[in-house]
Amino acid sequence: MNQNKIRIAVLVSGGGTNLQALIDAQKSEILKSGELVAVISNKKDAYAVERAKNNGIKDYTVSKTEFGSLKAVEEKITEILEHEKIDFIILAGFMMILSETFTSKYTNRIINVHPSLIPSFCGKGYYGLKVHEAALSYGVKVTGATVHFVNEIPDAGQIIMQKAVEILDTDTPESLQERVMKEAEHIILPLAAEKVAKEMLKRREQ
Ligand code: GRF
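What counts and how
Residues numbered from 1 in each chain as written. Predicted model: local features only at pLDDT ≥ 70, side-chain atom pairs only at ≥ 80, totals over all residues. Heavy atoms only, no water. Helix = DSSP H or I, 4+ residues; strand = E, 2+ residues; numbered from the N terminus. Buried < 20%, exposed > 50% of the residue type's maximum accessible area, 1.4 Å probe, protein only. Contact = heavy atoms within 4.5 Å. Areas by Shrake-Rupley, 256 points an atom, 1.4 Å probe, with all protein chains shown as cover. Lys, Arg positive; Asp, Glu negative; His and termini not counted. Charge placed at Lys NZ, Arg CZ, Asp CG, Glu CD. Axes fitted to C-alpha atoms, helices over the stretch in contact; angles between N-to-C directions. Parallel < 35°, antiparallel > 145°, perpendicular 65-115°, else oblique. Left-handed = near helix turned anticlockwise from the far one by under 90°. Nonpolar A, V, L, I, M, F, W, Y, C, P; charged D, E, K, R; others polar. Near = heavy atom within 4 Å. Polar contact = N/O pair within 3.5 Å; in protein donor to acceptor, adjacent residues only side chain to side chain. 1 Å grid on protein atoms, 1.4 Å probe; cavity = no way out; pocket = protein on both sides within 12 Å on 5 of 7 lines; lining within 4 Å. Sits in = over half its atoms within 2 Å of the grid points. Pairing = 2+ DSSP bridges.

**Quick look at the overall build of the protein**
- Scanning the protein for helices and strands turns up seven helices and seven strands.
- Mapped from its N terminus to its C terminus, the protein presents α and β elements in the order β-α-β-α-β-α-α-β-α-β-α-β-β-α.
- Overall, the C-alpha framework of the protein stretches about 50 × 40 × 30 Å when taken along its three principal axes.
- Buried residues in the protein amount to 50% of all 206 residues.
- Nonlocal contacts in the protein, meaning residues at least 24 apart in sequence, comprise 66% of its contacts between residues at least 6 apart.
- Summed over its atoms, the accessible surface of the protein is roughly 10300 Å², and 52% of this surface lies on carbon and sulfur atoms.
- Charged side chains in the protein number 26 positive and 27 negative. The centres of these two groups are separated by 4 Å.

**Looking at unusual backbone geometry**
- That bond from isoleucine 118 to proline 119 is cis: its omega, 15°, falls within 30 degrees of zero.
- A positive phi angle, close to 55°, is found at asparagine 108, a residue other than glycine.
- With respect to the element layout, asparagine 108 can be found in the loop between α5 (100–103) and β5 (110–114).
- The exposure class of asparagine 108 is partly exposed, given its relative accessible area of 42%.

**Focus on the packing of helix α6 (residues 129–138) against helix α7 (residues 173–205)**
- Interaxial distance between α6 and α7 falls to 9 Å at its minimum, and their mutual angle equals 110°. Between α6 and α7, the crossing angle belongs to the class labelled roughly perpendicular. Our pair here, α6 against α7, has a crossing hand that is right-handed. In contact with Leu129, His132, Glu133 and Leu136 of α6, α7 contributes Pro173, Glu174, Leu176, Gln177 and Val180.
- Looking at the contact of α6 with α7 residue by residue, the class counts come to five nonpolar, two polar and two charged.

**Things to note about the site of the ligand**
- Around the ligand, the surrounding shell holds 14 residues, and the nearest of these are Gly16, Thr17, Asn18, Gln177 and Glu185.
- Threonine 17 places a side-chain nitrogen or oxygen 2.6 Å from an oxygen atom of the ligand.
- Relative to its unbound accessible area of 360 Å², the ligand is 92% covered by the protein chains.
- According to the grid-proximity analysis, the pocket containing the ligand is the largest pocket.
- Contributions of two or more residues to the shell around the ligand are made by α1 (17–27) and α7.
- Tallying contributions element by element places α7 first for the shell around the ligand, with three residues.
- Residues of the shell around the ligand, tallied by class, amount to five nonpolar, eight polar and one charged.

**Re the pairing of β5**
- Within β5, five of the five residues are buried, which leaves the element mostly enclosed by the surrounding structure.
- Here β5 shows a buried face lined by Ile110, Asn112 and His114 and a second buried face lined by Ile111 and Val113.
- Note: strand β4 (residues 88–91) against β5, three bridges, orientation parallel. The residue bridging leucine 91 from the neighbouring strand is asparagine 112, located in β5.
- For β5 and strand β6 (residues 142–149), the ladder comprises four bridges, and the chain directions are antiparallel. The residue of β6 that forms the bridge with valine 113 is valine 147.

**Things to note about the environment of cysteine 122**
- Its place among the elements puts cysteine 122 in the loop between β5 and α6.
- Look at cysteine 122 and you get buried, because its relative accessible area is 19%.
- Distance in space between the C-alpha atoms of cysteine 122 and alanine 134 is 9.8 Å, their sequence separation being 12 residues.
- Discounting residues that sit within four places of it in the chain, cysteine 122 has contacts with His114, Ser116 and Asp155.

Take a look at the structure:
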(Lines give C-alpha, C1' and ligand atoms only; values in the text may rest on other atoms or scores of the structure.)
Protein backbone atom coordinates (compact mmCIF):
# COMPACT_ATOMS: atom_id res chain seq x y z
CA MET A 1 0.00 0.00 0.00
CA ASN A 2 1.51 3.29 -1.11
CA GLN A 3 1.07 5.58 1.92
CA ASN A 4 1.47 8.90 0.18
CA LYS A 5 -0.99 8.43 -2.67
CA ILE A 6 -4.68 9.19 -2.76
CA ARG A 7 -6.60 5.88 -2.81
CA ILE A 8 -9.05 5.85 -5.72
CA ALA A 9 -12.09 3.65 -6.42
CA VAL A 10 -13.61 3.70 -9.91
CA LEU A 11 -17.33 2.93 -10.22
CA VAL A 12 -18.37 1.41 -13.55
CA SER A 13 -21.37 -0.14 -15.35
CA GLY A 14 -20.28 -0.76 -18.93
CA GLY A 15 -17.44 -1.16 -21.41
CA GLY A 16 -14.96 0.68 -19.20
CA THR A 17 -13.22 2.80 -21.85
CA ASN A 18 -13.04 5.64 -19.32
CA LEU A 19 -11.56 3.23 -16.75
CA GLN A 20 -9.03 2.16 -19.39
CA ALA A 21 -8.08 5.81 -19.91
CA LEU A 22 -7.43 6.09 -16.16
CA ILE A 23 -5.39 2.86 -16.15
CA ASP A 24 -3.30 4.09 -19.11
CA ALA A 25 -2.86 7.49 -17.41
CA GLN A 26 -1.57 5.76 -14.29
CA LYS A 27 0.96 3.83 -16.41
CA SER A 28 2.11 6.99 -18.22
CA GLU A 29 2.17 8.88 -14.90
CA ILE A 30 -0.36 11.49 -16.03
CA LEU A 31 -2.20 10.16 -12.97
CA LYS A 32 0.46 10.02 -10.26
CA SER A 33 -1.01 11.62 -7.12
CA GLY A 34 -3.61 8.88 -6.83
CA GLU A 35 -3.61 5.10 -7.08
CA LEU A 36 -6.40 3.03 -8.68
CA VAL A 37 -7.11 0.67 -5.79
CA ALA A 38 -10.53 -0.82 -6.61
CA VAL A 39 -13.11 -1.06 -9.38
CA ILE A 40 -16.75 -1.49 -8.33
CA SER A 41 -19.34 -2.45 -10.94
CA ASN A 42 -23.10 -2.55 -10.55
CA LYS A 43 -23.33 -4.86 -13.57
CA LYS A 44 -22.00 -8.44 -13.44
CA ASP A 45 -21.10 -8.61 -17.12
CA ALA A 46 -19.49 -5.18 -17.48
CA TYR A 47 -16.33 -5.45 -19.59
CA ALA A 48 -14.87 -2.78 -17.29
CA VAL A 49 -14.47 -5.59 -14.71
CA GLU A 50 -12.32 -7.54 -17.22
CA ARG A 51 -10.18 -4.44 -17.67
CA ALA A 52 -9.65 -4.24 -13.91
CA LYS A 53 -8.70 -7.93 -13.72
CA ASN A 54 -6.32 -7.57 -16.70
CA ASN A 55 -4.54 -4.74 -14.89
CA GLY A 56 -4.31 -6.25 -11.42
CA ILE A 57 -6.89 -3.93 -9.86
CA LYS A 58 -9.19 -5.39 -7.17
CA ASP A 59 -12.72 -5.71 -8.60
CA TYR A 60 -16.10 -5.92 -6.88
CA THR A 61 -19.57 -6.39 -8.35
CA VAL A 62 -22.58 -5.06 -6.43
CA SER A 63 -25.67 -5.62 -8.52
CA LYS A 64 -29.21 -4.51 -7.70
CA THR A 65 -30.51 -7.96 -8.72
CA GLU A 66 -28.37 -9.51 -5.97
CA PHE A 67 -28.86 -6.82 -3.30
CA GLY A 68 -32.49 -5.97 -4.07
CA SER A 69 -32.54 -2.21 -3.69
CA LEU A 70 -30.53 0.94 -4.47
CA LYS A 71 -30.17 1.47 -0.71
CA ALA A 72 -28.68 -2.00 -0.18
CA VAL A 73 -26.34 -1.53 -3.15
CA GLU A 74 -25.13 1.83 -1.77
CA GLU A 75 -24.62 0.32 1.70
CA LYS A 76 -22.48 -2.48 0.22
CA ILE A 77 -20.50 -0.01 -1.90
CA THR A 78 -19.91 2.11 1.22
CA GLU A 79 -18.69 -0.99 3.10
CA ILE A 80 -16.22 -1.73 0.29
CA LEU A 81 -15.02 1.90 0.14
CA GLU A 82 -14.38 1.86 3.90
CA HIS A 83 -12.67 -1.54 3.76
CA GLU A 84 -10.37 -0.32 0.97
CA LYS A 85 -9.76 3.02 2.78
CA ILE A 86 -10.82 4.94 -0.34
CA ASP A 87 -10.23 8.73 -0.39
CA PHE A 88 -11.61 9.57 -3.84
CA ILE A 89 -14.32 8.06 -6.05
CA ILE A 90 -14.43 8.36 -9.85
CA LEU A 91 -17.70 7.55 -11.70
CA ALA A 92 -16.59 6.26 -15.12
CA GLY A 93 -19.62 5.27 -17.17
CA PHE A 94 -21.46 4.49 -13.93
CA MET A 95 -25.18 4.34 -14.70
CA MET A 96 -26.73 4.56 -11.24
CA ILE A 97 -27.93 7.83 -9.65
CA LEU A 98 -26.40 7.95 -6.17
CA SER A 99 -28.57 9.16 -3.28
CA GLU A 100 -27.92 12.25 -1.16
CA THR A 101 -27.16 9.92 1.77
CA PHE A 102 -24.28 8.53 -0.25
CA THR A 103 -23.02 11.70 -1.95
CA SER A 104 -23.13 13.76 1.25
CA LYS A 105 -20.67 11.28 2.83
CA TYR A 106 -18.18 12.10 0.09
CA THR A 107 -18.63 15.82 -0.56
CA ASN A 108 -16.11 17.01 -3.14
CA ARG A 109 -14.60 13.50 -3.23
CA ILE A 110 -16.66 12.08 -6.10
CA ILE A 111 -16.18 13.13 -9.75
CA ASN A 112 -18.10 12.07 -12.87
CA VAL A 113 -17.53 12.36 -16.59
CA HIS A 114 -20.57 13.41 -18.61
CA PRO A 115 -20.58 13.30 -22.45
CA SER A 116 -21.78 16.87 -23.11
CA LEU A 117 -20.80 20.45 -22.27
CA ILE A 118 -22.83 20.90 -19.09
CA PRO A 119 -25.31 22.68 -18.64
CA SER A 120 -26.40 21.43 -22.07
CA PHE A 121 -27.96 17.97 -22.45
CA CYS A 122 -27.52 16.84 -18.87
CA GLY A 123 -29.55 15.85 -15.82
CA LYS A 124 -32.22 13.19 -15.38
CA GLY A 125 -32.63 11.00 -18.45
CA TYR A 126 -29.54 12.27 -20.26
CA TYR A 127 -27.01 9.42 -20.37
CA GLY A 128 -25.10 7.37 -22.97
CA LEU A 129 -26.39 7.65 -26.53
CA LYS A 130 -29.41 9.79 -25.48
CA VAL A 131 -27.06 12.73 -24.84
CA HIS A 132 -25.73 12.65 -28.41
CA GLU A 133 -29.18 12.11 -29.91
CA ALA A 134 -30.33 15.28 -28.09
CA ALA A 135 -27.30 17.29 -29.30
CA LEU A 136 -27.85 16.20 -32.91
CA SER A 137 -31.60 16.84 -32.84
CA TYR A 138 -31.07 20.29 -31.33
CA GLY A 139 -28.56 21.05 -34.08
CA VAL A 140 -25.67 22.31 -31.94
CA LYS A 141 -22.38 22.65 -33.84
CA VAL A 142 -20.15 21.95 -30.86
CA THR A 143 -20.50 19.45 -28.03
CA GLY A 144 -17.91 17.76 -25.81
CA ALA A 145 -17.41 16.32 -22.34
CA THR A 146 -17.44 17.61 -18.77
CA VAL A 147 -15.87 16.34 -15.57
CA HIS A 148 -17.64 17.62 -12.47
CA PHE A 149 -17.98 16.98 -8.75
CA VAL A 150 -20.99 14.82 -7.87
CA ASN A 151 -23.78 15.88 -5.53
CA GLU A 152 -27.33 14.62 -5.12
CA ILE A 153 -28.56 16.38 -8.28
CA PRO A 154 -27.56 14.49 -11.47
CA ASP A 155 -24.78 16.32 -13.38
CA ALA A 156 -25.15 19.49 -11.25
CA GLY A 157 -21.94 19.57 -9.19
CA GLN A 158 -19.11 22.10 -9.64
CA ILE A 159 -17.45 21.78 -13.07
CA ILE A 160 -13.76 20.81 -12.97
CA MET A 161 -12.81 20.48 -16.65
CA GLN A 162 -14.43 20.53 -20.13
CA LYS A 163 -13.27 19.77 -23.66
CA ALA A 164 -15.15 20.70 -26.85
CA VAL A 165 -15.66 18.48 -29.90
CA GLU A 166 -16.97 19.76 -33.25
CA ILE A 167 -20.08 18.07 -34.65
CA LEU A 168 -19.78 16.93 -38.29
CA ASP A 169 -22.68 17.02 -40.79
CA THR A 170 -22.15 13.28 -41.27
CA ASP A 171 -22.40 12.48 -37.56
CA THR A 172 -24.77 9.86 -36.20
CA PRO A 173 -25.33 9.47 -32.43
CA GLU A 174 -22.92 6.52 -32.51
CA SER A 175 -20.14 8.28 -34.42
CA LEU A 176 -20.51 11.34 -32.18
CA GLN A 177 -20.41 9.25 -29.00
CA GLU A 178 -17.25 7.53 -30.23
CA ARG A 179 -15.51 10.83 -31.01
CA VAL A 180 -16.60 12.56 -27.78
CA MET A 181 -15.26 9.59 -25.81
CA LYS A 182 -11.96 9.44 -27.71
CA GLU A 183 -11.31 13.18 -28.16
CA ALA A 184 -12.75 14.49 -24.91
CA GLU A 185 -13.77 12.07 -22.12
CA HIS A 186 -10.67 9.88 -22.27
CA ILE A 187 -8.45 12.98 -22.21
CA ILE A 188 -10.03 15.14 -19.51
CA LEU A 189 -11.05 12.41 -17.04
CA PRO A 190 -7.44 11.44 -16.22
CA LEU A 191 -6.33 15.09 -16.16
CA ALA A 192 -9.20 16.05 -13.84
CA ALA A 193 -8.54 13.00 -11.64
CA GLU A 194 -4.88 14.01 -11.24
CA LYS A 195 -5.87 17.66 -10.54
CA VAL A 196 -8.27 16.65 -7.75
CA ALA A 197 -5.97 13.97 -6.30
CA LYS A 198 -3.03 16.39 -6.25
CA GLU A 199 -5.11 19.00 -4.38
CA MET A 200 -6.24 16.33 -1.88
CA LEU A 201 -2.61 15.27 -1.34
CA LYS A 202 -1.58 18.89 -0.78
CA ARG A 203 -4.35 19.42 1.77
CA ARG A 204 -3.38 16.19 3.56
CA GLU A 205 0.28 17.26 3.78
CA GLN A 206 -0.53 20.73 5.21
C1 GRF B 1 -20.35 6.47 -22.30
O2 GRF B 1 -21.59 6.84 -22.88
C3 GRF B 1 -19.71 7.67 -21.72
O4 GRF B 1 -20.02 8.83 -22.47
C5 GRF B 1 -20.34 7.77 -20.38
O6 GRF B 1 -20.53 6.42 -19.96
C7 GRF B 1 -20.65 5.59 -21.14
C8 GRF B 1 -19.79 4.36 -21.10
O9 GRF B 1 -18.48 4.71 -20.82
N10 GRF B 1 -19.50 8.51 -19.45
P11 GRF B 1 -17.37 3.55 -20.53
O12 GRF B 1 -16.88 3.08 -21.88
O13 GRF B 1 -18.05 2.43 -19.77
O14 GRF B 1 -16.30 4.23 -19.76
